There are 2 protein chains.
Amino acid sequence: MSDRCNAPVGVFDSGVGGLTVAREIMRNLPEENIVYFGDTARVPYGTKSKDTVLRYSRQIIRFLKTQDVKAIVIACNTASAYALEDVEKELDIPIIGVVKPGAKVACEATHNKKIGVIATEATINSGIYSSYITRQDPQIQVIGKACPLFVPLVEEGWLKDSVTFEVAGRYLRKLMEQDIDTLILGCTHYPLLRSTLREIVGEKVTLVNPAYETARELKQLLAEKGLTNIQSQEEARKYQFYVSDQADKFMRFADSILPFDVNTTKKISIEEY
Amino acid sequence: MSDRCNAPVGVFDSGVGGLTVAREIMRNLPEENIVYFGDTARVPYGTKSKDTVLRYSRQIIRFLKTQDVKAIVIACNTASAYALEDVEKELDIPIIGVVKPGAKVACEATHNKKIGVIATEATINSGIYSSYITRQDPQIQVIGKACPLFVPLVEEGWLKDSVTFEVAGRYLRKLMEQDIDTLILGCTHYPLLRSTLREIVGEKVTLVNPAYETARELKQLLAEKGLTNIQSQEEARKYQFYVSDQADKFMRFADSILPFDVNTTKKISIEEY
């Protein structure tokens, strides 16, 4: 066992959405320590350009390195789409995103080879899900749809709501007409809309939440590199939360979706990294 | 006439919304040159903290000063609410926001002394409209309501739409129950929803768009300071557009709402200012 095993895993997102990924890591790798960063001063990433998202991701990775992380999870589809390929070449520790694991499990799930992807404008425009999926199986048809209102609807708390149902119905109409049998929730906020989405697509469509598969891939990666942690620690020291703005608001949200009390979140100046 | 008269007016916003203010300035002060900056890399401001919005505003003002502007208009309600009071003390050129002019015209418009304000979460939380209004007339009751879904609905282009109508109905219900006779559109995106809002509030409620009054106040301010421009220039040189991200997307939006062709928008690194 390496002496790095006890070091934390860095997890980052443009804001609170990545907490759905952190939650899966906590569930599946309960011994691992986590340093989470949410870029709440510059959220959202989904409407921004590749250059900007890459620059922001590099700053965050520099910050996480100061926290001595042993591995990094990009818990944001947009940053995974726009930054992972570049930053993994620059780093001396393992880094994974949420897109590749999500694409992989979708390929395994589809029977009729028609996969729908819903995500931010940036993730859809990047074509990244399509590219990973067709690399695994060129026969699969991928139909993407940007859903820019989903993040604000989640943040408004309208998770099971007639407005959200109507908006989701419009966004998903074309995908359903094309007879998809698998739908990737390609933005970390979207799993919070799961029951509304389920109502629209019915029982026959498999909903893929890349967070599950990402936690599994992280587990495997840490094992391969001999970095799995075995020393347990109390929760308060185990999970550290950092943001670039609005620490209180973040903490309330984190507290509502994580299965323990989140009592501290620190604000840092991310532009200085 | 001062030799500074020919210098441009700086106008800034978190993104494209401030173009509704720039448009009013163009209409009412057709001789003035304008340098517009939209902070598209960090949009939106309406969910961010005072510290962050103030820091961003200072960077933008430093950039506008490099463009040799003679005066500045903060064409963003959130930045007007959070930054104007601090930055006007630090500046050697005149600066105005959109909130004070909007509050003033609302005070003149109300008969029953009940004014509604719809705006971003940040603007509502700042209590700034209420503070300006009650300073002018302590008898006036101000009822604020944050409408976080309006900006994404505008940016989705759903201006006259059943979903937007339903969302607006919910947001405005309480204001209408309290019998307001005047409604301030306290976010620069909202005038683009005017006809939907009109349908909900009916003909008896006065809709106040602070952009009109801001342009009027700018005109008066420039006249007082001897800074009014009298030399006309062709439009291409007259109006300069800068953004921190996605210049092409900004240009398409600008082109759709301004009454002339917008052919160039330059991207700059605002973090360096």
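Bear in mind that the values here come from a model prediction, so they are computed numbers and not experimental data.

Engineer: Would you explain the sheet that holds strand 9 (residues 239-243) of chain A in this entry?
Structural biologist: Each strand in a sheet pairs with its neighbour through backbone hydrogen bonds, running either in the same direction (parallel) or in the opposite one (antiparallel). Residues and elements named next belong to chain A. Strand order across the open sheet formed by six strands is 4-3-1-2-9-10, with parallel pairing between neighbours. Of all strands in the sheet, those bounded by a partner on one side alone are strand 4 (95-97) and strand 10 (266-267). Bridge count between strand 2 (residues 34-38) and strand 9: five bridges; the pairing is parallel. Across the sheet, the residue bridging to G38 is V243, located in strand 9. Along the sheet face, helix 3 (residues 77-90) touches strand 1 (9-13), strand 3 (71-74) and strand 4 and points at about 160 degrees away from the line of strand 4. Docked against the sheet, helix 10 (residues 210-224) engages strand 1, strand 3 and strand 4, running at close to 165 degrees with respect to strand 4.

Engineer: Honestly, the sheet that holds strand 7 (residues 182-185) of chain A in this entry has me stumped. Any pointers?
Structural biologist: All names here are of chain A. Taking strand neighbours across the sheet as the criterion, the four strands line up as 6-5-7-8 in an open arrangement whose pairing is parallel. On the outer flanks of this sheet lie strand 6 (141-146) and strand 8 (206-208), each paired with one strand and no other. Geometrically, the sheet is characterised by an average inter-axis angle of 20 degrees between neighbouring strands, direction not taken into account. Relative to strand 7, strand 5 (residues 114-119) runs parallel, the two being bridged by four bridges. Within strand 7, the residue paired with G116 across the bridge is L183.

Engineer: When you look at the packing of helix 2 (residues 50-66) of chain A against helix 3 of chain A in this model, what are you seeing that I'm missing?
Structural biologist: Helix packing for two helices is described by the angle between their axes and how far apart those axes are. Residue and element names in this part refer to chain A. The contact between helix 2 and helix 3 brings their axes to 9 Å, and the two run at 55 degrees. On the basis of their axis angle, the class for helix 2 and helix 3 is oblique. At the point where helix 2 passes helix 3, the crossing takes the right-handed sense. The residues of helix 3 that touch helix 2, namely those facing K50, V53, L54, S57, R58 and I61, are T78, A79, Y82, A83, D86, V87 and E90. Class assignment of the residues belonging to the contact of helix 2 with helix 3 gives a composition of seven nonpolar, two polar and four charged.

Engineer: Teacher, can you tell me more about helix 3 (residues 77-90) of chain B here?
Structural biologist: Every α-helical turn comprises 3.6 residues, leaving residues that sit three or four positions apart pointing alike. Helix length check: helix 3 of chain B, at 14 residues, gives a terminal C-alpha distance of 20 Å against a target of 20 Å (1.5 Å per residue), a fit within 8%. The complete set of buried residues in helix 3 of chain B reads N77, T78, A79, S80, A81, Y82, A83, L84 and V87 of chain B.

Engineer: Would you mind going over the interface of chain A and chain B with me for this structure?
Structural biologist: Accessible area lost upon the coming together of the parts serves often as the stated size of an interface. With 33 residues of chain A at the contact, the number on the chain B side is 33 residues. Surface buried jointly by chain A and chain B totals about 2,600 Å² across both partners, of which 45% is contributed by carbon and sulfur atoms. When the area that chain A buries against chain B is broken down by residue, the three leading residues are L149, R170 and E271 of chain A, summing to 21%. Counting the contacts that link chain A with chain B gives ten salt bridges. Here R170 of chain A makes a salt bridge to D161 of chain B, at a shortest N to O gap of 2.7 Å. Of all elements in the fold, only helix 2, helix 7 (150-156) and helix 8 (162-177) of chain A reach the threshold of two or more residues within the side of chain A that touches chain B. Among the elements that take part in the side of chain A that touches chain B, helix 8 of chain A stands out by supplying six residues, more than any other.

Engineer: Sorry if this is basic, but what is going on with the domain arrangement of chain A here?
Structural biologist: Residue and element names in this part refer to chain A. For chain A, the domain assignment lists domain 1 (9-97 + 212-272) and domain 2 (100-210). For domain 1 and domain 2, the distance between their C-alpha centres works out to 23 Å. When domain 1 packs against domain 2, the two sides together hide about 1,800 Å² of surface, and 55% of this comes from carbon and sulfur. It is N77, Y212 and E213 in domain 1 that bury the most area against domain 2; as a group they hold 30% of the surface buried on that side. Across the contact surface, domain 1 and domain 2 share one salt bridge. On inspection of domain 1 and its partner domain 2, the count reaches 13 residue pairs in polar contact (both at pLDDT 80 or more). Counting residues per element, the ones that place at least two in the side of domain 1 that touches domain 2 are helix 1 (19-28), helix 3 and helix 10.

Engineer: Looking at this structure, how should I read the UniProt feature "active site" (unreviewed entry) in chain A?
Structural biologist: Residue and element names in this part refer to chain A. Mapped onto this numbering, the UniProt entry annotates "active site" (unreviewed entry) at C76 and C187. Over a stretch of 112 residues, the named residues converge on one spot in the fold, their C-alpha atoms separated by at most 6.9 Å. Relative to the helices and strands, C76 resides in the loop between strand 3 and helix 3. Under the relative-accessibility criterion, C76 is labelled buried at 4%. Ignoring anything within four residues of it in the chain, the contact list for C76 reads F12, D13, S14, Y45, V98 and T188. Topologically, C187 is positioned in the loop between strand 7 and helix 9 (194-201). Given the relative accessible area of 8%, C187 is considered buried. If we skip the residues at most four places from it in the chain, C187 touches N77, I118, A119, T120 and V151.

Engineer: I would appreciate a short explanation of the UniProt feature "binding site: substrate" (unreviewed entry) in chain A in the present structure.
Structural biologist: Residue and element names in this part refer to chain A. When the UniProt feature table is mapped to this numbering, "binding site: substrate" (unreviewed entry) covers D13, S14, Y45, G46, N77, T78, T188 and H189. A maximum C-alpha distance of 12.5 Å places the annotated residues, which cover 177 residues in sequence, within one compact spot. Structurally, N77 is set in helix 3. By relative accessible area, N77 is classed as buried at 4%. Non-local contacts of N77, meaning those with residues more than four positions away in its chain, are made with V98, V99, T123, Y129, G186, C187 and T188. Considering the arrangement of structural elements, one finds H189 in the loop between strand 7 and helix 9. Assessed through its relative accessible area of 5%, H189 is described here as buried. At 2.8 Å, the side chain of H189 forms a polar contact with the side chain of E155.

Engineer: Sorry if this is basic, but what is going on with the environment of D255 of chain B here?
Structural biologist: All names here are of chain B. Counting through the fold element by element, D255 comes out in helix 12 (residues 247-257). Using a relative accessible area of 33% as the deciding quantity, one classes D255 as partly exposed. Residues D255 and A81, 174 residues apart in the sequence, show an inter-C-alpha distance of 28 Å. When sequence neighbours within four positions are dropped, the list of residues in contact with D255 reads F260, D261 and V262. Looking at D255, its side chain comes within polar contact range of the main-chain nitrogen of V262, at 2.8 Å.

Rules used throughout
Residues numbered from 1 in each chain as written. Chains lettered and ligands numbered in written order. Predicted model: local features only at pLDDT ≥ 70, side-chain atom pairs only at ≥ 80, totals over all residues. Heavy atoms only, no water. Pairing = 2+ DSSP bridges. Helix = DSSP H or I, 4+ residues; strand = E, 2+ residues; numbered from the N terminus. Contact = heavy atoms within 4.5 Å. Axes fitted to C-alpha atoms, helices over the stretch in contact; angles between N-to-C directions. Parallel < 35°, antiparallel > 145°, perpendicular 65-115°, else oblique. Left-handed = near helix turned anticlockwise from the far one by under 90°. Nonpolar A, V, L, I, M, F, W, Y, C, P; charged D, E, K, R; others polar. Expected span 1.5 Å × (residues − 1). Buried < 20%, exposed > 50% of the residue type's maximum accessible area, 1.4 Å probe, protein only. Buried area = accessible area lost by both parts, 1.4 Å probe. Salt bridge = Lys/Arg side-chain N within 4 Å of Asp/Glu carboxyl O. Domains from an automatic or database assignment. Polar contact = N/O pair within 3.5 Å; in protein donor to acceptor, adjacent residues only side chain to side chain. UniProt positions renumbered as here; feature names shortened; annotations may be inferred.

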